[in-house]
Amino acid sequence: FGVNMLAVADGRPETLSLKQVIEHHVDFVFDVTTRKYTTLLNKEQEKKEIQEGLIAACDCIDLIIAILRGSKNLKDAKACLVNGDISNIHFKVAGFEEDAKKLHFTGRQASAILEMRLYKLIGLEILALEKEHRETLKKIAEYKKILGSRAVMNQVIKDDLAAIKAEFAIPRRTRIEDGAEAV
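Anyway, here's the lowdown on the structure attached to this text. Small disclaimer: the values here were computed from a predicted structure and weren't measured.

The next point concerns the environment of Met-153. Residue position: Met-153 is located in helix 7 (residues 150-168). Look at Met-153 and you get buried, because its relative accessible area is 5%. Distance from Met-153 to Gly-123, taken between C-alpha atoms, is 39 Å for residues 30 residues apart in sequence. For Met-153, the contacting residues outside a window of four places in its chain are Phe-30, Thr-33, Thr-34, Ile-146 and Leu-147.

This is the structure:
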């Protein structure tokens, strides 16, 4: 029987052979997997940046509280955390000015610090944050390993396909009783 092997390949319609269809599909799967792990890597790197900022903030929390108490608005506090700009900060206790000038958090880190709740300063919360940071670093290393090696990506794709097969494969429901007649 005839099969219409018309497909959009590289942005234009083409009639393909079976081998070409399989090659395009494999390239597509690799492209999708690459985009998936690149997106996951970017998310984990953003998470890592925020976690590092929160961990560093826990070490100088007295300074950050002094900045918050001495600032008139959120914009001034954020400018101090990001650039060390203390021009609009009026410290109630002397001695924090020089330390505040040395602060250089990123914009994301500063926003996360300003949104941080005080209960995060409990010792167990800090330990949980450090544990989560270690897990984030492991994930980043894993994603870089996958993106850096074609062989590792092959194995990841095989594992994903095996998981899909295990989840959706069902045994044949119909029974062929007299196969000799069908032939």
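So, on to unusual backbone geometry. Peptide bonds are, in most cases, trans, and in most cases residues other than glycine have a negative phi. Here Asp-10, not a glycine, exhibits a phi torsion of approximately 55°, which is positive. Here Asp-10 shows up in the loop between strand 1 (6-9) and strand 2 (12-15). Since its relative accessible area comes to 66%, Asp-10 is described here as exposed.

A few words now on the nonpolar core. Ile-67, Leu-81, Phe-91, Ala-100 and Ile-113 are the most contacted members of the largest nonpolar core, which has 22 residues in total. Contributing elements (two or more residues each) for this core: helix 1 (18-59), helix 2 (61-70), helix 3 (74-83) and helix 5 (107-115). With five residues, helix 2 is the largest single contributor of residues to this core. Those residues in contact with Ala-100 that lie beyond four places of it in its chain are Leu-63, Ile-67, Cys-80, Gly-84, Ile-86 and Phe-91. By size, the runner-up hydrophobic cluster in this structure holds nine residues, among which are Tyr-37, Ile-146, Val-156 and Ile-157.

On to the environment of Thr-33. Locating Thr-33 in the fold gives a position in helix 1. Considering only alpha carbons, one finds Thr-33 and Asn-154, 121 residues apart in sequence, at a separation of 9.8 Å.

Now for the packing of aromatic side chains. Applying the stated criterion across every chain yields a total of two aromatic pairs. With a centroid separation of 5.6 Å and an interplanar angle of 55°, the aromatic rings of Tyr-37 and Tyr-143 are classed as tilted. Of this pair, Tyr-37 sits in helix 1 while Tyr-143 is found in helix 6 (residues 123-148), placing the two residues 106 residues apart along the sequence. Exposure remark for Tyr-143: the relative accessible area of 10% places this residue in the buried category. Each ring, one from Phe-91 and one from Phe-96, has its centre 6.5 Å from the other, and the planes form 35°; the classification is tilted. For the cation-ring pair, Arg-150 lies above Phe-30, with the distance from its terminal atom to the ring centre recorded as 3.6 Å.

Thresholds applied
- Residues numbered from 1 in each chain as written.
- Predicted model: local features only at pLDDT ≥ 70, side-chain atom pairs only at ≥ 80, totals over all residues.
- Heavy atoms only, no water.
- Helix = DSSP H or I, 4+ residues; strand = E, 2+ residues; numbered from the N terminus.
- Buried < 20%, exposed > 50% of the residue type's maximum accessible area, 1.4 Å probe, protein only.
- Contact = heavy atoms within 4.5 Å.
- Core = buried A, V, L, I, M, F, W, Y, C linked by side-chain atoms within 4.5 Å.
- Phe/Tyr/Trp six-rings, centres within 6.5 Å; stacked < 30°, edge-to-face > 60°.
- Lys NZ or Arg CZ within 6 Å of the ring centre and 35° of its normal.

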